[in-house]
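# Structural overview for review
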Amino acid sequence: MDIGHYIAGPYASKLMADMGAEVIKIEPPWGEAGRTMSPFANDDPNIENSLPHFYLNSNKLGITLNLKSSEGKKIFCELVAETDIVVENYSPDTLSNLGLHYDQLKLINPEIILVSISNFGQTGPYRNYKATEIIEYAMGGLMGIFGAYDKEPIKHALHQSQIKAGTNAANAALMAMYWKQANGQGQHIDISIQECIAYGLRDTTSNYTYTGGVRRRQPNHSGDLTRIRQVEDGFILPNPNVNTSRGLNWETVANFIGSTELLSEKFSTPTARLENAEELGEILDRSYGHQKKFETFYNAHELRFIYGIILTPEEILQNPQYLHRDFFVDVVHPTAGTIKFPGTPFKMSETPAQYLKVSPTLGEHTKDIICGRLNRTEDELSQMKATEII
Amino acid sequence: MNTKGPLHGLRVLEMGQLIAIPSAMKMLSDMGAQVIRIESSHRLESYRNASLYENNTTGQFWNRGANFYEQNRNKLGLTLDLSQPEGLDILKELIAVSDIFAENFTPRVMHSFGITYEDLKKIKPDIIMVSSTGYGFDGPWANFGATGPATESASGMAIMTGYKNDMPIMPEIPYIDYTAAEHTVFAILSALIYKRRTGEGQFIDVSQTETATATVPEAILDYVVNGRIEPRHGNEDPVMAPHGCYPCKGTDKWITIAIQSDCEWSNLSTELKLSNEITCNPNFSDMLKRWEHREQLNQIISAHTSTRDNKELMHALQSVGVAAGIVMESPDLLFDAHLKERAFYEIVNHHPSTEMPPLPYASRPWKFSETPAVAPVAAPIMGQHNSFILKELLGKSDDDMKKLEKKAVIGYSPSQGSPIRAPDPNEQLRQGRMQRYESDFRSKISTFYGISDEPL
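Residues numbered from 1 in each chain as written. Chains lettered and ligands numbered in written order. Predicted model: local features only at pLDDT ≥ 70, side-chain atom pairs only at ≥ 80, totals over all residues.

Each strand in a sheet pairs with its neighbour through backbone hydrogen bonds, running either in the same direction (parallel) or in the opposite one (antiparallel). All names here are of chain B. Within the open sheet, the 3 strands sit side by side as β7-β8-β9. Their pairing is antiparallel. The sheet is open, and its two edges are formed by β7 (243-247) and β9 (323-326), each paired on a single side. Within this sheet the neighbouring strands show an average axis-to-axis angle of 20°, counted without direction. Inspection of the sheet shows β7 paired to strand β8 (residues 254-258) by 5 bridges, in the antiparallel sense. (Pairing = 2+ DSSP bridges. Helix = DSSP H or I, 4+ residues; strand = E, 2+ residues; numbered from the N terminus. Axes fitted to C-alpha atoms, helices over the stretch in contact; angles between N-to-C directions.)

This is how it looks when you write it as structure tokens:
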């Protein structure tokens, strides 16, 4: 059951829905807040048009239910009795205030797995602190190692921390599910979005615990061989593997980059390149400046230089690798019609993802679930509608 | 409470390198799976020879690499030379007794060793094999090697991210490796649940670039449906203003603030003591006006934050319901009261031969009420579990072990590869690779965590 809103909770349950779990999404009668997220289909901000909401709720069943009403709570509890996992991402006291604390859900279903995602976790002095995406990037430590040396720290575009929390929540939920299937025991899982960022900083905190060094943003020059460079038609990410075990010599690299200036002794060893980084950066800018990104990218891989290529959404839709793997799937949006949409980013040989359903329209399955499964009559349903329980 | 972890009883064979697979398998080993990590003592993994404790390149440097310890906690370590038939035979014997085989080499390598899923299925019909590659196991880019920044480049994330009217930019870590690792764990657990019901294994083919694209649906769908590609716009939000990262008192100290309502704006104005001239300015009278005049607003906010201590200001703003957070540097994270109370950093003891004291490491982003993570054990020193794995698990004799060692199928130290010494601290500071060095870091850590600053 997905009782979450916006991104983190919905993404966690979307991952499960795309793998075949039956996910019932519960929204308040006026619609979940994620329906207000831009961009919208045709820039028309109605509740069925949010494109991120559409993506984040694929393959789910959708009902509306006012959890603040006693009848709404009663229906919710009847559903909890038949549910394996509940995912929520409200501030820590929200469920308790509704009388739906984990201990109360456990009384209804002793095996229930409740996954709670919150800004800073369910415990600790910051548990009630407010956060948005940029706050999580800062407090998780990623922003401190992200940005130009002479500008303010920066974050990724869009909503990485929320998506990351959703993925980790899904992982924790399935680990708990694996345990429950063998031992019949449920549990409460506490996911902190801040910690989702802070666990994945490679050696950033270890640089401190190992040497006392405090990491920062980009160095104050662009003399590293693997920095993004502007080319004639966009951007490329060079990576001539020069320091790896393949032991490529500098001359080969310099020839590939296409500059005789690089053959100077000033750049012939790793140490020399570090010492003369500023000058190296200028030469690299000049050398790459007149190249074409796809040509350089493909030529590099002929030599097994692991270059990257910066692609635009338009180019991503046409990427031959994505086309070969059928990464984008066709789905039908209620107003935009048939559109391409990122599919599951891994292929499973025996249990492939299937996009049988798209995101439910508001209340699409309310009647099916409440009358069909919970045996309410149509009269009772009308009554609930009149009193804004559904 | 169970202390063996929810995945106790599961055996994983890992042939990983760097982050994408090692980090994913660490999630499993932290939660109780037995993860056997295979590495070559002839082809030294680059995470073993850089970022060394105290930058000490002498002696057994390969057991002092920060990144190796970060990614390989709670695993067993076996050295194996797969280019020799004996090595490949042992790998196959291990596959026969494992639930999962996970690797992140290019498909070329798997084909050349003859250890693709088709090959493994003959040895263990219900094996779950996971391959994590830059662009996917098949297709025209399948054999293109990739780094985290490369997958970020091709995914759509890089083109969206950066300052206004400036180049795309990426963080100073291979961020997508973690995104890939997280989706890999999800796929594996899905496969395990399916296997429990049907007894069937399968092949999981993770494309690291696809995992990143899956996390930016806004950008993809805006193009697909509306034909729009948004320019880069730094830390700006499409709705909120003020919204950004503002300088504070001191060197490189910053605070982020995100204002979501008129009430929050009013509380921010009070806390920053903004003049009536500003608060009554019609340019700032509602959310939309503030957004329209966001650049002017950012300059005003910066002028007022730059005289404040970032932590003091964060707590003050949060106490009046304003979303604010400091840009945490490593010591801010390690010595934070909140993360301490949640025991987010856990103390790991290192093998005595490393001459490293116990140190705090980032744990994981979840807490389980009934089946918590196992007590942390440091990543294996090279060859640490050769004997346990080969003798206890595969029943090899002492004689077999001697032969394997003599032929260098197994080993305890690298046959080649030298340590990379980081540039001298002064040079790192000159180039801006580090913000600063703190000479008292050892005593600060031991005091805060109540641990020894000496090797065990």
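Next comes the rest of the description.
Size of an interface, as often reported, equals the accessible area lost when the parts are brought together. Taken together, the contacts link 129 residues of chain B with 128 residues of chain A. Per-element tally for the side of chain B that touches chain A: the top contributor is helix α8 (residues 175-198) of chain B, with 13 residues. The class makeup of the residues in the side of chain B that touches chain A is 72 nonpolar, 36 polar and 21 charged. (Contact = placed C-beta atoms within 7 Å. Nonpolar A, V, L, I, M, F, W, Y, C, P; charged D, E, K, R; others polar.)

All right, on to the sheet that holds strand β5 (residues 187-192) of chain A then. With respect to topology, 4 strands assemble into an open sheet ordered β3(A)-β4(A)-β5(A)-β12(B), the strand pairing being mixed. Each edge of the open sheet is held by one strand with a lone partner, namely β3 (85-88) of chain A together with β12 (366-368) of chain B. Taking the axes of each pair of neighbouring strands and ignoring which way they run, one obtains an average angle of 15° across the sheet. Taken together, the 3 bridges between β5(A) and β12(B) define a ladder with antiparallel strand orientation. Looking across to β12(B), one finds that D190(A) is bridged to K367(B). Contacts from helix α1 (residues 8-18) of chain A reach β3 and β4 (113-118) of chain A within the one sheet, and its direction differs from that of β3(A) by about 150°.

Here we come to the packing of helix α7 (residues 160-183) of chain A against α8(B). For the pair α7(A) and α8(B), interaxial distance at closest approach is 9 Å and the crossing angle is 25°. Considering their axes alone, α7(A) and α8(B) lie roughly parallel with respect to each other. Crossing handedness for the pair α7(A) and α8(B): left-handed. On α8(B), the residues touching K164(A), T167(A), N168(A), A170(A), N171(A), L174(A), M175(A), M177(A), Y178(A) and Q181(A) of α7(A) are E182(B), H183(B), V185(B), F186(B), L189(B), S190(B), L192(B), I193(B) and R196(B). (Parallel < 35°, antiparallel > 145°, perpendicular 65-115°, else oblique. Left-handed = near helix turned anticlockwise from the far one by under 90°.)

Further remarks concern the domain arrangement of chain B. In terms of domain boundaries, chain B breaks down into domain 1 (11-215 + 342-422) and domain 2 (243-332). Relative to domain 2 of chain B, the C-alpha centre of domain 1 of chain B lies at a distance of 43 Å. (Domains from an automatic or database assignment.)

Each neighbour pair has its own omega, and for S38(A) with P39(A) the value is 0°, a cis peptide bond. Omega for the peptide link from A241(B) to P242(B) comes to -5°, which places this bond in the cis form. Locating P242(B) in the fold gives a position in the loop between α10 (217-226) and β7. The phi angle at N59(A) is positive, at roughly 65°, despite the residue not being glycine. Positionally, N59(A) belongs in the loop between α2 (51-56) and β2 (60-64). Judged by C-beta crowding, with 24 C-beta atoms within 10 Å, N59(A) ranks as buried. (Buried ≥ 20, exposed ≤ 12 C-beta atoms within 10 Å, placed from the backbone.)

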